[in-house]
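Below are the chains, spelled out letter by letter.
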Amino acid sequence: MTMTRKLGRSGIEVSAIGMGCWAIGGPLWGDDRQPLGWGEVDDEESVRAVHASIAHGVTFFDTASNYGAGHSERVLGRALTGRRDQVVIATKFGHTSAEATRRATGEDHRPEYAVASLEASLRRLGTDYVDLLQLHLNDLDPTLALDLVDTLEGMVTQGKIRAYGWSTDHPASAGVFAPAAPHCTAIQHDQSVLRDNADMLAVCDKYDLASINRGPLAMGLLTAATRSLGDDDVRGRAPEWLPWFTDGQPAPEWSRRIDRVRAALTADGRTLAQGALGWLLARSPRTVPIPGFRTVAQVEENTRVLTLGPLPADAYAEVERELSELRSGGVDTGA
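Moving on, we get to the sheet that holds strand 8 (residues 130-135). The strands that make up a sheet are held in pairs by hydrogen bonds between backbone atoms, and each pair lies either parallel or antiparallel. The strand order across the open sheet formed by eight strands is 3-4-5-8-9-10-11-14, and the pairing between neighbours is parallel. Bordering the open sheet on either side are strand 3 (19-20) and strand 14 (287-289), each of which pairs with just one other strand. Pairing analysis gives two bridges linking strand 3 to strand 4 (residues 60-62), with the strands arranged parallel. Counterpart to Gly20 in the pairing with strand 4 is Asp62. Here helix 9 (residues 272-283) sits on the sheet in contact with strand 11 (210-214) and strand 14, set at roughly 160 degrees to strand 14.

Structure follows, in structure tokens:
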């Protein structure tokens, strides 16, 4: 039977592994031609990969209004035609983009923009509601985030969304927002075996929230893939907030940490990626990792964790032993 988890206090049930849909959005460009996507993709393969995900038990798909300037939502909506009632869809708002030019154009935290963004997302997804709508501005002042609560609650009342959350790495922000937001049910944050965020998991415990884990494979670092990164891939010209790659190559300091835990993550025959996802499932009953994907093969590898389950206790303990010194030094907090 496929492993499932509850999406926080909403009670919405999802597969314990979801699929992150940033990569299938294709290119997006920022200022000075800074890549903000994962490069060109094959939309037909993306659709096949979504279908394979569902066939292997995935019921949770996470996208955003700005992934590929809306292209990710369009592809996901096409793939889910006739399958909407089988899945839980999460999307996000806050970053603005121009669909025609594939350009990032800024940020907008106003309540009226949240309404307009959701309506555009619903059109692209081909649905009349989304299950989870997430504020996508990591560093937004929580006072401004609180200004959105009435609007988000109105969306719930109207049936446009079932619940909402915030994509932020700041536990203090989540701790202010969650108790003041009745239908807040999830915090999406950076979380992986390489970079734990214990303080955020504590907030999720306190307020009965799901911990949706973005970057669960360190944006590909925790896989065996060695695909060259093109000029249109965000990892090929990594901005400051993306530590895993330097000049398109895995950053040596993070590669060394992977070498420390590789044996424990793969001890029961898992691949490195499967071990990293299994560690997250063992870390907390609230975690829902959302690895990205481009191909059916990637989906098949990652969804195997739904039957493998959490990393065994002895392997988990060995990983913690190997990384304890690094974490105590404050380098792996992710906060």
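Here we come to the packing of aromatic side chains. Any aromatic ring pair is given by two values, namely how distant the centres are and how the planes are angled relative to each other. Within the structure shown, the criterion is met by six aromatic pairs. With a centroid separation of 5.9 Å and an interplanar angle of 20 degrees, the aromatic rings of Trp22 and Tyr67 are classed as stacked. Taken together, the residues span a long stretch of sequence, with Trp22 in the loop between strand 3 and helix 1 (43-55) and Tyr67 in the loop between strand 4 and helix 2 (71-79) at a distance of 45 residues. By relative accessible area, Tyr67 is classed as buried at 10%. Aromatic pair Trp244 and Trp254: ring centres 4.6 Å apart, planes at 70 degrees, arrangement edge-to-face. One end of the pair, Trp244, is in the loop between strand 11 and strand 12 (245-246); the other, Trp254, is in helix 8 (residues 252-265), and 10 residues separate them in sequence. The residues Trp244 and Trp254 share a single accessibility class, namely buried. The rings of Trp22, Trp38 and Tyr67 are connected pair by pair, giving a single aromatic cluster.

Conventions we followed
- The residue numbers shown here count from 1 along each chain, following its written sequence.
- In keeping with the predicted nature of the model, local features appear solely for residues at pLDDT of at least 70, side-chain atom pairs appear and are counted solely at 80 or more, and the whole-chain, interface and lining totals rest on all residues.
- Values shown for side chains rest on all heavy atoms present in the structure; no hydrogens or waters enter the calculation.
- The pairing criterion for strands is at least two bridges between them, as found by DSSP.
- Each helix is a run of H or I in the DSSP string that is no shorter than four residues. Each strand is a run of E no shorter than two, and both are numbered from the N terminus.
- For this analysis, residues touch if any pair of their heavy atoms sits within 4.5 Å.
- The angle between two axes is taken between their N-to-C directions and runs from 0 to 180 degrees, where each axis is a line fitted to C-alpha atoms and a helix contributes only its stretch in contact.
- The pairing test for Phe, Tyr and Trp rings, Trp by its six-membered ring, is centres within 6.5 Å, and the orientation test on the planes gives stacked under 30 degrees, edge-to-face over 60, and tilted for anything in between.
- Residue burial is assigned from relative accessible area. The probe radius is 1.4 Å, only protein chains are included, and a residue is buried under 20% of its type maximum, exposed over 50%, and partly exposed in between.

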